[in-house]
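Below are the chains, spelled out letter by letter.
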Amino acid sequence: MTDANETGTLTCDVAIVGAGPTGMTIAHLLGQAGVRTILIERNATTVTQPRAVSIDDEALRTMQAIDLADEVIADVMLDYGSNYFTRHGVCFAKVEPVTREYGYPRRNAFTQPKLEATLRDALARYPHVTTLFEHDCEVVEEDAEGVTLVLRADGAERRVRAAYVVGSDGARSNLRRVIGANLVGSTYKQRWLIVDLASTQERFRQTRVMCDPARPFITLPGPGGIRRYEFMLHENENEEAASTPEFARELLAAAGPDADSPVVRRQVYTFHARKADKWNSPRVFLAGDAAHLSPPFAGQGMNSGIRDAHNLAWKLAAVVKGRMGPRLLDTYERERAPHAWALIELAMTMGRIMMPKSNRQAALMQNAFRAASLVPPVQAYFAQMKYKPKPYYEEGFLAGDGGLATAGRMLSQPWLERRDRSRIRLDEAVGHGFALVAIGPGSQALAAQTDVEAIGLGPVTRIAVVPQKITLVPREDEDVIAGRDLDNLFGPLLAKAENMLVLLRPDRYVAVALRMTPAQTPGSFVEIAKRLVSTTQL
Ligand SMILES: Cc1cc2nc3c(=O)[nH]c(=O)nc-3n(C[C@H](O)[C@H](O)[C@H](O)COP(=O)(O)OP(=O)(O)OC[C@H]3O[C@@H](n4cnc5c(N)ncnc54)[C@H](O)[C@@H]3O)c2cc1C
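Nothing here was measured: the structure is a model prediction, and the numbers come from that model.

Peer 1: Could you clarify how one ought to interpret the site of the ligand in this entry?
Peer 2: Close to the ligand lie 31 residues, the nearest being Thr22, Glu41, Gln112, Asp289 and Met302. Between the ligand and Gln112, the relevant distance is 2.9 Å, taken from an oxygen atom to a side-chain nitrogen or oxygen of the residue. The side chain of Asp136 places a nitrogen or oxygen atom 3.1 Å from a nitrogen atom of the ligand. Summarising the interface, the protein chains cover 91% of the accessible area of the ligand, which totals 1000 Å² for the free molecule. Of all the elements in the fold, those that place two or more residues in the shell around the ligand are helix 1 (21-32), strand 10 (136-142) and helix 8 (301-320). Among the elements that make up the shell around the ligand, the one with the highest residue count is helix 8 (three residues).

This is the structure we're talking about:
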């Protein structure tokens with residue numbers, strides 16, 4: 001259902017250009033928030049060729065937020081690690097995380113075409129989200145009140161008028177050019193050959209990373225018995241020669257048992273480590289590959305785009321619905337750009353480990369890893385992926401919490417046990433909007449006493465979480481959902497404070513956190529939250 005004005009121009013609150021994983025996730029989140037949205041895509045359908053292969057726990061949590069976790073996970077191989085090998089085939093580092101801090105395994109194999117198809121089909125749930133496939137966005141004109149888009153569809157011109165526009169139009173983004181942004185960073189001089197197989201003879205369950213200076217390569221398992229190989233190419237191997245079936249067969253034969261496995265795709269790629277130097281004009285916002293490009297060594301390009309989507313969508317919804325002021329949108333780049341860049345830097349570091357320049361450099365680095373793995377905390381640091389930048393914003397829509405460093409973090413997601421012994425995940429209790437999460441033995445009373453309506457955010461769900469060790473879960477009333485932290489994920493927080501109050505944003509990040517000392521009351525918490533909300537007004 002789309003509105004059109006007297007000139008036939010389609011009108012909406014938010015138009016999204018580009019139906020990749022980033023744009024479609026934003027469309028879901030806006031649809032859920034009741035925002036009139038138009039999603040524009042130049043292709044007839046979503047991608048059919050394999051691209052990203054690794055989806056992380058944070059992205060799965062966003063799929064949970066758009067009520068698609070089960071559908072997405074049906075096509076995912078959950079929970080696999082990666083092992084790093086010397087040129088002699090000796091494993092020198094293992095990354096096999098077992099933690100579930102955000103509710104899901106940290107590394108999971110998926111296929112982008114299946115994820116995109118799931119996202120696309122499920123958009124039909126929202127009558128106020130219109131999808132325009134086979135529409136190329138050619139012109140973008142921004143003025144003080146909104147943005148006009150000129151689209152080309154089957155030779156004819158159509159116009160869309162929106163209050164805000166999201167440019168999730170990929171690596172070659174036209175909207176990036178329109179807002180006058182440039183990509184900064186670098187491009188890798190090495191090219192890589194990607195070979196996707198329909199089935200595999202390789203029985204190794206983890207990602208195998210061969211850090212052989214002569215020919216680094218990676219092989220990753222996928223759902224349904226598929227497999228990907230990524231081989232670094234040498235400078236003298238030109239793209240034409242490297243693209244032949246014979247060349248791929250030769251590399252597969254040297255790599256292991258997949259010499260004769262069925263190949264579905266071969267493609268030569270050059271990788272980039274870049275980000276836009278500006279992420280928005282007043283009314284046009286870049287997201288996903290349009291805003292940042294990561295080499296694939298950390299498997300984070302799409303995952304970063306999904307983080308952008310969750311961050312930007314609730315802010316756009318709050319502003320177009322008039323619940324918060326437009327200054328809220330200024331926090332988007334401030335929060336997202338440093339984090340996206342931290343993950344690009346991680347990918348570059350992993351690239352250096354995978355692509356040692358000489359046998360001597362490889363031996364030095366690999367021996368250092370092996371020695372370090374004898375020290376248990378260092379071993380755990382790698383195995384549990386503690387090197388991955390935390391989902392944490394140092395500044396933005398958040399209020400400091402006296403050194404606790406909880407504000408700005410993605411809140412852990414434990415299973416909660418309710419008084420009737422039923423179990424619920426934290427985010428199921430939270431729902432889709434803001435939530436007050438009281439944590440600690442006194443959480444039930446604190447949640448009940450906090451006047452969340454006074455914060456001015458509209459409805460806020462109240463949740464009380466008691467520590468794992470407390471066996472008697474408080475009785476619930478109609479205003480407060482109560483549960484016991486079955487996984488003890490809030491244990492580390494409670495080591496610093498007996499009770500805490502947290503204002504949780506719709507993207508599961510902490511906006512306000514307050515340690516409840518005798519000097520602090522629920523009233524002081526509400527005052528901090530009100531001050532934060534007032535900063536979004538012009
Ligand atoms: C080989 C390879 C391996 C990768 N592995 C991983 C991985 O393991 N994990 C991971 O997280 N990421 C990985 N990535 C990165 C990931 O694929 C991308 O980051 C992701 O697809 C970006 O999503 P997006 O929605 O931002 O952009 P895209 O998926 O590029 O979507 C942009 C869309 O915009 C449309 N569009 C563009 N211009 C217009 C226009 N003018 N009008 C209308 N529509 C337009 C395009 O047709 C396209 O559908 C990998 C990438 C490659 C190439």
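Peer 1: Would you explain the nonpolar core in this entry?
Peer 2: Taken as a class, soluble globular proteins show a tendency for nonpolar side chains to be buried jointly. Within the largest apolar cluster, 98 residues are counted, with the highest numbers of intra-cluster contacts made by Ile26, Leu30, Leu149, Val165, Phe397, Leu503 and Val512. For this core, the element with the highest residue contribution is helix 8, accounting for 10 residues. Residue-level mapping places this core at the junction of two domains, with at least three residues from each of domain 1 (3-75 + 111-182 + 276-342) and domain 2 (415-534). Core analysis: the next-biggest nonpolar cluster, separate from the first, contains 33 residues, Phe271, Leu343, Leu346 and Ile353 among them.

Peer 1: Would you mind going over the pattern of salt bridges with me for this structure?
Peer 2: It is possible for side chains of opposite charge to pair when their charged atoms get near one another. Taken as a whole and judged by the stated rule, the model has 33 salt bridges. Between Glu101 and Lys390 there is a salt bridge whose closest N-O contact spans 3.2 Å. Residue Glu101 is located in the loop between strand 7 (91-95) and strand 8 (107-109), and its partner Lys390 is located in the loop between helix 11 (376-383) and strand 20 (415-417); the two are separated by 289 residues in the primary sequence. Glu202 is paired through a salt bridge with Arg208; the nearest N and O atoms lie 3.4 Å apart. Grouping residues by exposure puts Glu202 and Arg208 together as buried. Through salt bridges with shared partners, one network takes in Asp56, Asp57, Glu58, Arg106, Arg307 and Lys388.

Peer 1: Quick question: what am I supposed to make of the side chain of Asp196 here?
Peer 2: Take Asp196: it is sitting in strand 13 (residues 183-197). We classify Asp196 as buried; its relative accessible area is 6%. A distance of 2.9 Å separates a polar atom in the side chain of Asp196 from a polar atom in the side chain of Arg228. Ignoring sequence-local partners within four residues, the contact set of Asp196 consists of Pro50, Arg227, Arg228, Pro262, Val263, Val264 and Arg265.

How each quantity is defined
- Residues numbered from 1 in each chain as written.
- Predicted model: local features only at pLDDT ≥ 70, side-chain atom pairs only at ≥ 80, totals over all residues.
- Heavy atoms only, no water.
- Near = heavy atom within 4 Å.
- Polar contact = N/O pair within 3.5 Å; in protein donor to acceptor, adjacent residues only side chain to side chain.
- Areas by Shrake-Rupley, 256 points an atom, 1.4 Å probe, with all protein chains shown as cover.
- Helix = DSSP H or I, 4+ residues; strand = E, 2+ residues; numbered from the N terminus.
- Core = buried A, V, L, I, M, F, W, Y, C linked by side-chain atoms within 4.5 Å.
- Buried < 20%, exposed > 50% of the residue type's maximum accessible area, 1.4 Å probe, protein only.
- Domains from an automatic or database assignment.
- Salt bridge = Lys/Arg side-chain N within 4 Å of Asp/Glu carboxyl O.
- Contact = heavy atoms within 4.5 Å.

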